[in-house]
Amino acid sequence: MTAMISPGKAQDVAALPTLAPAEAGILSLDDVLATSAKQSPQILEALARARSADGRRLSAEGAFDTLFSAEGGSRVLGYYNGTYADAKVARPIEDWGGQIYGGYRVSSGSFPIYEDKNYTNQLGEIRAGAVFSLLRDRMIDERRFGRVSADADRAVADAERQMVAIGVQRRAFDAYLNWVAAGQRLGIYHHLLNLAQERQRGLQRSFEAGLRPRIILVENDQTLLRRQAMVVQSEQAVANAANTLSLYWRDADGRPVIPHPEQMPVSLPALPMANVPQEVARPDLIVAQLRERLVRDRLALDRNALLPRLELQMEVARDIGDAGLGGVSRSGNDVRFGLRFSVPLEQRAARGKLMQTQAELDANRRRTQWLDEQIRAEIDGIGITLSAADRLIVLSEDERGRAEEMATAERRRFTMGASDLFLVNTREEAAASVSLTLLDQRLRRIAASADLAASSGNAAALGL
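Here is what the cut-offs are and how they apply
Residues numbered from 1 in each chain as written. Predicted model: local features only at pLDDT ≥ 70, side-chain atom pairs only at ≥ 80, totals over all residues. Heavy atoms only, no water. Helix = DSSP H or I, 4+ residues; strand = E, 2+ residues; numbered from the N terminus. Rg over C-alpha atoms; globule rule 2.2 N^0.38 Å. Buried < 20%, exposed > 50% of the residue type's maximum accessible area, 1.4 Å probe, protein only. Contact = heavy atoms within 4.5 Å. Areas by Shrake-Rupley, 256 points an atom, 1.4 Å probe, with all protein chains shown as cover. Lys, Arg positive; Asp, Glu negative; His and termini not counted. Charge placed at Lys NZ, Arg CZ, Asp CG, Glu CD. Core = buried A, V, L, I, M, F, W, Y, C linked by side-chain atoms within 4.5 Å. Axes fitted to C-alpha atoms, helices over the stretch in contact; angles between N-to-C directions. Parallel < 35°, antiparallel > 145°, perpendicular 65-115°, else oblique. Left-handed = near helix turned anticlockwise from the far one by under 90°. Polar contact = N/O pair within 3.5 Å; in protein donor to acceptor, adjacent residues only side chain to side chain. Pairing = 2+ DSSP bridges. Arc of directions from axis to C-beta. Phe/Tyr/Trp six-rings, centres within 6.5 Å; stacked < 30°, edge-to-face > 60°. pLDDT = per-residue confidence, 0-100. Patch = residues over 30% accessible without salt bridge, like charges linked within 9 Å, V, L, I, M, F, W, Y side chains within 5 Å. Salt bridge = Lys/Arg side-chain N within 4 Å of Asp/Glu carboxyl O.

A closer look at the overall build of the protein chain
Check the secondary structure of the protein chain and you find eight helices and eight strands. The C-alpha radius of gyration of the protein chain comes to 40 Å, more than 25% above the 23 Å expected for a compact globule of 464 residues. Taking the principal axes of the C-alpha coordinates as reference, the protein chain spans close to 140 × 65 × 30 Å. In the protein chain, buried positions account for 38% of the 464 residues. Considering only contacts within the protein chain whose residues lie at least 6 apart along the sequence, 79% involve residues at least 24 apart. Put simply, the protein chain shows about 26,500 Å² of open surface, and 56% of that area lies on carbon and sulfur atoms. Across the protein chain, 59 positive and 60 negative side-chain charges occur, with their mean positions spaced 2 Å apart.

Here is the structure:
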């Protein structure tokens, strides 16, 4: 009987992590970061949000679209029998807050005196004109601010996308680093286990030759079991680290891939950054600066609202063809100029908005200042951590050399019968502990270097 799998179940199965083939090559940090940058769902989501901001920017441009309009009408009953049609094309002016336009209208028949403007010559009337804002809306208006706001939203979305990408790459770096470190810890515990196994074989031969008591085999076997447990726990840590790494290392279809143990490199990755940078390009700082700039533009818009409205209107019209029923007064060129003026007498709404925007601008300035100082303090703190890690690594390397020398000497003394098994195990495990400490110190230095790249906004150091 064949089992049926629903489409939802099939999709879940397809999303499960897969295991990399055993013959795959060594997995490098660059491979993981490159795959994460292209396939991480969080980065792809941020890219989609950036595309949404592009759509809002295009919508804002719609305020400057050319507009075509037309109307017409006819009197079908009554004393008058006039028919007219009017078409107009208008284009907003971006720099003066007005518009330019051109049109054509034509009419036939008769109209009442209160519709006298509908008369044209027999071939109609062509016209062109413009409206200019001389005070309010001359430098900025709602349309231009909408475009500025959309530009800011698009820049913010791009900066936030980069901020998300840096965060994802930083976590991918940690996942890879923890996987390699887990492998190196496993190597240290394997070395301890091999020492105990080799010693067990030597003790077995000595016991069979009557040179060692049986209890010493039991004692070393106890050590052997404890170290085997360490290896098992370390193998579990490697498997967990590989599973976490699969969230960032994916195949061409975006599915997680669990790395095979044979793909693990023999050494830790290099430092992404070694020195504290002088310039910082943090995306969140860029976002704060963009929002501050947008509030400053809104402040200009609010100040614009306090100005009186003064518009200059110009139009040139010419009727063509023979005179119509309206008479010869329509013939020839018709040039008109006009001014329109208006101003609110109290302007409380405009002044209230201006006060709000000024307060918001001051708050944004303080927020940006605090963020800048916080970032600088964070970077300086990471620099201190790097400097201390370098010194601690030197000390740990010297300590490891001494510990290994002591362990080697103690094993030699034990072989010669001048030491006991307890001291040998203590020396070996002390040397392993120092090796683990040295590994942790190196991990802290590399992690601090990755933190430095993320905190300074160095996208290239994180594979972006």
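A look at the nonpolar core
A general feature of soluble globular proteins is that nonpolar side chains tend to end up buried together. Formed by 40 residues in total, the largest nonpolar core has its most connected members in Leu 27, Val 32, Tyr 176, Leu 177, Trp 179, Leu 245 and Leu 268. Of all elements in the fold, only α2 (29-39), α4 (142-208), α5 (214-245) and α8 (421-455) reach the threshold of two or more residues within this core. Ranked by residues supplied to this core, first place goes to α4 with 17 residues. If we skip the residues at most four places from it in the chain, Leu 27 touches Val 32, Tyr 176, Trp 179, Leu 245, Trp 249, Pro 259, Gln 263 and Pro 265. Membership of the second largest hydrophobic core comes to 15 residues, among which are Ala 288, Ile 382, Ala 448 and Ala 454.

Thoughts on the packing of helix α6 (residues 283-305) against helix α7 (residues 348-415)
The relative placement of two packed helices comes down to the angle between their axes together with the axis-to-axis distance. For the pair α6 and α7, interaxial distance at closest approach is 9 Å and the crossing angle is 165 degrees. Considered as vectors, α6 and α7 are oriented roughly antiparallel to each other. Considering the relative orientation of α6 and α7, their crossing is left-handed.

Concerning unusual backbone geometry
Although it is not a glycine, Asp 137 sits at a positive phi angle of roughly 75 degrees. Locating Asp 137 in the fold gives a position in the loop between β5 (125-133) and α4.

Things to note about the side chain of Glu 311
Turning to its location among the elements, Glu 311 is positioned in strand β7 (residues 309-319). One polar contact links Glu 311 to Arg 340, side chain to side chain, over a distance of 2.5 Å. Apart from residues no more than four positions distant in its own chain, Glu 311 is found in contact with Val 131, Phe 132, Ser 133, Gly 338, Leu 339 and Arg 340.

A closer look at the packing of α4 against α8
Two elements in contact, α4 and α8, have axes whose closest approach is 11 Å; the angle formed by their N-to-C orientations is 170 degrees. Viewed along their axes, α4 and α8 adopt a mutual orientation that is roughly antiparallel.

Structural notes on the sheet that holds β7
Spatial strand order, β2-β3-β4-β5-β7-β8: six strands in an open sheet with antiparallel pairing. The outermost strands of the open sheet, each flanked by one partner alone, are β2 (67-74) and β8 (332-342). Going from strand to strand, the sheet's axes swing by 15 degrees on average, the running direction of each strand aside. The pairing of β2 with strand β3 (residues 83-92) spans eight bridges and is classified as antiparallel. Its bridge partner lying in β3, Ala 70 is registered against Ala 87.

Comments concerning α2
For α2, every residue scored as buried is listed here: Leu 29, Val 32, Leu 33, Thr 35 and Ser 36. Buried positions in α2, seen along its axis, are confined to an arc of 165 degrees and lie on one side of it. Exposed positions of α2 whose direction lies more than 90 degrees from the buried face are Asp 30 and Lys 38. For α2, the elements touching its buried residues are α3 (41-61), α4 and α5.

What to know about the packing of aromatic side chains
Under the counting rule described, the total for this entry stands at four aromatic pairs. Seen in terms of ring centroids, Phe 111 and Tyr 119 are 5.3 Å apart; in terms of plane orientation they differ by 90 degrees. Their pairing is edge-to-face. Comparing Phe 111 with Tyr 119 shows no difference in burial state: the two are buried. With centroids separated by 5.9 Å and ring planes inclined at 55 degrees, the aromatic side chains of Tyr 176 and Trp 179 adopt a geometry described as tilted.

Examining the confidence of the model for the protein chain
The predicted model of the protein chain has a mean per-residue pLDDT of 88, with 95% of residues at 70 or higher. Overall, residues 1-14 carries pLDDT values under 50, and its contacts beyond four positions in sequence, including any with other chains, amount to two contacts.

Quick notes on the environment of Met 355
Along the chain, the position of Met 355 falls in helix α7. Since its relative accessible area comes to 60%, Met 355 is described here as exposed.

Examining a nonpolar patch on the surface
A cluster of nonpolar residues, Leu 135, Leu 307, Phe 341, Val 343 and Leu 345, forms a patch on the protein surface that exposes about 510 Å² of accessible area. For Val 343, the position within the fold is in the loop between β8 and α7. Classification of Val 343 by relative accessible area gives partly exposed; the value is 37%.

Quick notes on the environment of Gly 352
Positionally, Gly 352 belongs in helix α7. In this structure the C-alpha to C-alpha distance between Gly 352 and Ile 126, which are 226 residues apart in sequence, comes to 45 Å.

Some points on the side chain of Asn 425
In this structure, Asn 425 sits in helix α8. Within the structure, Asn 425 has its side chain in polar contact with the side chain of Arg 199 (distance 3.0 Å). Beyond its immediate stretch of four places on either side in the chain, Asn 425 contacts Arg 199, Thr 223 and Arg 227.

Section: the pairing of β5
For strand β4 (residues 99-108) and β5, the ladder comprises seven bridges, and the chain directions are antiparallel. Its bridge partner lying in β5, Tyr 101 is registered against Gly 129. Sheet topology places β5 next to β7; nine bridges connect them, and they run antiparallel. Following the sheet pairing, Ile 126 is matched in β7 by Arg 318.

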